[in-house]
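One-letter residues, chain by chain:
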Amino acid sequence: MQLCTLKHSLLVLILVLLFDFPWHTSAYAQDQVPGPILSESSRGVPNTVGLSALVETVTLGVYLKTPSGKPAEGTAVVTLIDLSGQFYRQETTKSGYVQFNSIAPTEYTIQVVAQGFESAVKKLDASGMEGRALTVELQPSLAEDAAIGAEFNSLSSKAQKELGKVKEALRVNKSAEARSHLDAANRIAPNHAEVQYLYGVYSLQTKNLSQAKSYWMKSVELNPKYLLALLSLAEALIRENRPAEAREYLNRAVEVEPSSWRAYAILADASLRMGSAEEAVKHAERALELGHGQAAIALPVLACALAKLGEKARAMTVLQAYLQEHASDPAAKKLQETLQTISMTETHTEAGTAKAGELGFSSGEATALPLPSNWLPPDVDEKVPPVEPGTACALGEVIQRAGKRVQEFVENVDRFTASEFLKHEPIDKWGFAGSPETRKYDYVVSVEEIKPGSLNVEEFRGTGNSPSEFPGGVATKGLPALVLIFHPYNAGNFEMTCEGLARWSGGLAWQVHFLQRPEKPNTMRRYRIGVDGPSYPVALKGRAWILADSFQIARLETDLVAPLPEIRLFADHTAIEYGPVKFRNRNVEMWLPQSAEVFYDWRGRRSHRRHTFSNYLLFSVDDRQRISAPKVEN
């Protein structure tokens with residue numbers, strides 16, 4: 001029996017939607033920010049303690065040079081990895097030189113990631129190197145193929161419109177309507193990979209798997225790097241219990257998009273079917289690492305693979321974690337019942353192995369690919385943006401130093417004002433933008449700590465704060481407060497993961513994923529219906545890019561952890577770009593929002609907004625001083 005399953009106009013004026021951040025945030029679990037920051041005295045000989053860890057140390061200087069012998073300017077992150085392969089020490093430099101004080105006189109691997117250069121790795125024996133320096137020559141980075149995994153044939157606007165209608169019709173299971181628009185798109189672009197891919201989705205929706213495979217094959221022939229077609233083909237072959245053939249397409253998918261959690265989840269399925277439980281565990285864990293909470297559907301596969309390896313206790317723990325959120329999954333329940341028949345005493349015996357080996361696998365629609373949206377950006381958990389491979393990240397230090405920057409922001413600001421420009425676009429049922437509306441506001445924000453552990457954020461606009469002043473009667477508030485996620489008062493409410501070091505806007509930035517902890521208070525965002533109506537807290541997940549040299553937050557993206565059916569809120573995606581604002585007569589610089597984009601789907605009303613901010617004035621510094629608009633430094 002197959003038991004392991006991989007699951008793929010306002011009617012009245014007083015009803016308005018006001019989405020904002022709570023004005024007050026409280027101190028919770030400040031000590032729960034992950035990862036301690038090591039003091040200089042505690043950084044000694046790796047894997048030793050006591051006196052030897054503090055005495056036997058040397059100083060090492062590292063010079064970063066270009067092929068011409070000149071210093072490598074710009075930001076660089078230099079990491080020392082010890083003999084066991086563990087992170088030991090890390091420094092950031094802008095001037096082509098970095099010094100490590102009080103390091104152990106042993107062997108290391110040095111990793112260098114520098115702005116504008118290829119990553120470099122070099123071995124080092126630091127024995128007897130006191131006062132000496134190491135030179136690492138960096139090679140200029142090569143231009144990457146920006147078209148990898150993308151469609152290479154351009155589509156006319158008419159064809160794009162037809163495909164947009166196809167996607168929306170398929171999304172609501174209107175197959176006949178989807179077929180009509182598909183045929184229209186095919187007449188315009190008969191040899192286009194995306195058209196053929198959507199024919200396959202249509203065929204699958206109409207229960208014709210064989211025809212779907214044929215269309216996806218053609219799509220891959222037209223564009224060998226079309227990720228959606230590669231994954232869909234692999235899933236189809238898994239359904240037919242042809243895992244070896246599926247694995248060929250999955251390997252190609254991973255090559256095209258190394259951060260696709262779906263590719264690894266399906267690969268785990270294929271490996272398990274082929275009898276390789278070890279490979280299945282590896283791929284399932286990678287899917288979970290990349291997909292965060294969204295990839296929880298890979299947990300039953302992981303549990304099944306662990307059971308086959310004789311790790312019943314861990315398999316049960318993994319499965320129980322899955323069933324906490326998916327209690328209605330009958331296949332997972334059946335797997336749990338079967339695992340319970342394998343006693344702990346026979347887990348590692350031949351009898352236990354034989355029972356575990358009888359566990360089958362039934363592939364469902366767990367990894368079913370979402371149709372790309374015409375208007376809504378992909379969920380932050382759909383894939384991990386690229387980072388430098390193998391670069392260690394000291395998460396605790398990154399979060400703490402970013403938190404200090406946010407604290408500086410709160411300490412420096414009593415109140416600031418700006419000119420705000422808002423462009424609002426309603427989105428029709430086909431996912432296309434309608435006629436835009438614009439607004440201009442004199443925008444004032446006050447941020448202060450009213451008592452220890454409690455921050456107060458207030459916003460005012462010159463035309464008033466009523467939602468009726470906004471297009472559609474929906475007010476956007478709380479954008480500047482989003483950065484307070486990283487304030488020490490709030491950081492403990494989120495599960496944070498450092499995904500690695502990213503090349504960001506000509507520099508380097510630590511890429512950090514955050515997720516609201518379900519057991520912690522949700523204090524960062526809420527929706528309110530009506531000015532004085534009920535308020536609904538919204539759990540957020542997202543990603544931040546924290547500059548490696550200054551630890552300022554350069555960009556934030558957020559999505560809903562889950563929709564709010566009680567108010568029919570199905571999507572809320574926010575992306576904010578921050579930049580430095582400098583005052584001319586005072587040595588004060590703050591990172592403030594440059595722009596923000598907001599996408600939401602509420603009660604069938606879809607909207608896209610873009611806010612831009614300029615002409616900042618900071619009352620706490622000089623209530624007459626005009627300063628420049630934020631400008632990102634390269």
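Everything numeric here is computed off the predicted structure, so don't read it as measured data.

With that settled, the discussion passes to the packing of aromatic side chains. Going through the model one piece at a time under the given rule, you end up with 11 aromatic pairs. Arranged with centres 4.9 Å apart and planes meeting at 15°, the rings of Tyr199 and Tyr215 form a pair that is stacked. With a gap of 16 residues between them, Tyr199 in helix H4 (residues 193-205) and Tyr215 in helix H5 (residues 209-222) connect regions that are remote in the sequence. Each member of the pair, Tyr199 as well as Tyr215, is classed as buried. By way of ring pairs, the aromatic residues Tyr197, Trp216 and Tyr226 are connected into one cluster. Sitting over the ring of Tyr88, Arg89 keeps its end group 5.5 Å from the ring centre.

Bringing unusual backbone geometry into the picture now. One non-glycine residue, Phe551, lies in the positive phi region at around 65°. Secondary-structure assignment places Phe551 in the loop between strand S20 (540-547) and strand S21 (553-560). Judged by its relative accessible area of 7%, Phe551 is buried. Non-glycine residue Arg568 carries a positive phi angle of around 55°. Mapped onto the secondary structure, Arg568 falls in the loop between S21 and strand S22 (569-582). Judged by its relative accessible area of 43%, Arg568 is partly exposed.

Below, the discussion takes up the nonpolar core. Within the largest apolar cluster, 70 residues are counted, with the highest numbers of intra-cluster contacts made by Leu484, Phe486, Met496, Ile546 and Leu556. When sequence neighbours within four positions are dropped, the list of residues in contact with Ile546 reads Val398, Ala402, Phe486, Ala509, Trp510, Val512, Phe551, Gln552 and Ile553. Membership of the second largest hydrophobic core comes to 53 residues, among which are Val166, Leu250, Val254 and Ala263.

Moving on to the side chain of Asn456. Relative to the helices and strands, Asn456 resides in strand S14 (residues 454-461). Looking at Asn456, its side chain comes within polar contact range of the side chain of Glu458, at 2.9 Å.

All right, on to the sheet that holds strand S7 (residues 97-103) then. Strand pairing in a sheet is mediated by backbone hydrogen bonds. Such pairs are either parallel or antiparallel. Pairing is mixed in the open sheet, where 3 strands are placed in the order S7-S4-S10. With partners counted over all chains shown, the strands left at the sheet margins are S7 and strand S10 (132-137), one partner each. The average undirected angle you get between the axes of adjacent strands in this sheet is 20°. Sheet topology places strand S4 (residues 58-65) next to S7; 5 bridges connect them, and they run antiparallel. Directly across from Val62, in S7, lies its bridge partner Val98.

Calculation rules
- Residues numbered from 1 in each chain as written.
- Predicted model: local features only at pLDDT ≥ 70, side-chain atom pairs only at ≥ 80, totals over all residues.
- Heavy atoms only, no water.
- Phe/Tyr/Trp six-rings, centres within 6.5 Å; stacked < 30°, edge-to-face > 60°.
- Helix = DSSP H or I, 4+ residues; strand = E, 2+ residues; numbered from the N terminus.
- Buried < 20%, exposed > 50% of the residue type's maximum accessible area, 1.4 Å probe, protein only.
- Lys NZ or Arg CZ within 6 Å of the ring centre and 35° of its normal.
- Core = buried A, V, L, I, M, F, W, Y, C linked by side-chain atoms within 4.5 Å.
- Contact = heavy atoms within 4.5 Å.
- Polar contact = N/O pair within 3.5 Å; in protein donor to acceptor, adjacent residues only side chain to side chain.
- Pairing = 2+ DSSP bridges.
- Axes fitted to C-alpha atoms, helices over the stretch in contact; angles between N-to-C directions.

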